[in-house]
Amino acid sequence: MLALAPRSGHRLLPLLAVLLGLSACGGLRTLDNPIGSGKSAAANSEAALYLDAVRSLMAQGQFYAALAHIQEDRRAHGDSPELRLLEADARRNLGQTREAEALYKGLLTGSQAGSAKHGLGRLYASRDLPTAIRYLREASVLRPTDVDVRNDLGYALMQAGRYNEAKPELATAAELAPNEAKARNNLIILLILMRDEAAVRRVADKAGVDASALARLRTQAQSLKQAPTSPKSGSSQTTSRTG
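1. So, the environment of asparagine 44
Looking at the element boundaries, asparagine 44 is found in helix H2 (residues 41-59). Residue asparagine 44 is classed as buried on the basis of its relative accessible area, which comes to 17%. Distance from asparagine 44 to histidine 77, taken between C-alpha atoms, is 8.7 Å for residues 33 residues apart in sequence.

Spelled out as structure tokens, the structure:
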């Protein structure tokens, strides 16, 4: 077991034990960039485990707890672009838009630029759709195989009524993650809006979408069609990853 910071290590022990087990069997997701090349391997490993522990808390919706551990991680290991990105994501999910925006914009020229642009796209999606689309497009250039980026860009374009532009983005997301219902459902909604019933049936049949689920998607498509598409409009549809 790695030695953790004295003041908060015990609170993360159960989670870190799981992460250590995943690391041993090759299941722990590696970071895009080293934590800090000037640190020892042990220090980098401990810092990486803290980052994954914070991600796990955020995946459970525990954003306040995540912020607390981010503060402790920063105290114990110093700051890093990865840590600032996690803080921005947590604050965005808590509705702390001003703080989140400042953190994202501070990352636009570094190693986390693609993720920062994605975060800004999500941040603006509910209040300034053109700006959201601009940031999401830039994110897709930097992260072309990121399913969430492609899905969010396609959904934002669909919200704006730009169906022909949305189609390749949502189709790409659906093909990159064929088992992910969210991307597939967004594509089906778009095809319904485009009145391409043959394609709707083809995608739905291939994915095993039953009649009741397809009916729900048609209802969502109708709601999206009736929603305002002014420059400042947005949506919080459950099929979107822009919330």
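Back to the write-up after that little detour.
2. Examining unusual backbone geometry
In this structure, arginine 195 takes a positive phi of about 60° despite not being glycine. Residue position: arginine 195 is located in the loop between helix H10 (181-193) and helix H11 (197-207). For arginine 195, a relative accessible area of 68% translates into the label exposed.

3. Concerning the nonpolar core
Of all hydrophobic cores here, the largest spans 28 residues; its most connected members are Met158, Ile188 and Ile189. Taken together, the elements giving at least two residues each to this core come down to helix H7 (129-142), helix H8 (147-159), helix H9 (163-176), H10, H11 and helix H12 (211-226). Ranked by residue count, the leading element in this core is H10, at seven residues. When neighbours within four sequence positions are excluded, methionine 158 is seen to be in contact with Tyr163, Ala166, Leu170, Asn186, Ile189, Leu190, Leu193 and Leu224.

4. Some remarks on the confidence of the model for the protein
Looking at the protein as a whole, its pLDDT mean stands at 83, while 76% of the residues score no less than 70. Of the regions scoring below 50 in pLDDT, residues 17-35 engages in 28 contacts with residues more than four places distant in sequence or in other chains.

5. Some details on helix H6 (residues 113-124)
The periodicity of an α-helix, 3.6 residues per turn, causes residues three or four positions apart to be oriented the same way. Relative to the 16 Å expected for 12 residues at 1.5 Å per residue, H6 spans 16 Å between its end C-alpha atoms, a close match to the ideal helical length. Where burial is concerned, most of H6 is hidden: 12 out of the 12 residues are buried. Buried within H6 we find Ala113, Gly114, Ser115, Ala116, Lys117, His118, Gly119, Leu120, Gly121, Arg122, Leu123 and Tyr124.

What counts and how
Residues numbered from 1 in each chain as written. Predicted model: local features only at pLDDT ≥ 70, side-chain atom pairs only at ≥ 80, totals over all residues. Heavy atoms only, no water. Helix = DSSP H or I, 4+ residues; strand = E, 2+ residues; numbered from the N terminus. Buried < 20%, exposed > 50% of the residue type's maximum accessible area, 1.4 Å probe, protein only. Core = buried A, V, L, I, M, F, W, Y, C linked by side-chain atoms within 4.5 Å. Contact = heavy atoms within 4.5 Å. pLDDT = per-residue confidence, 0-100. Expected span 1.5 Å × (residues − 1).

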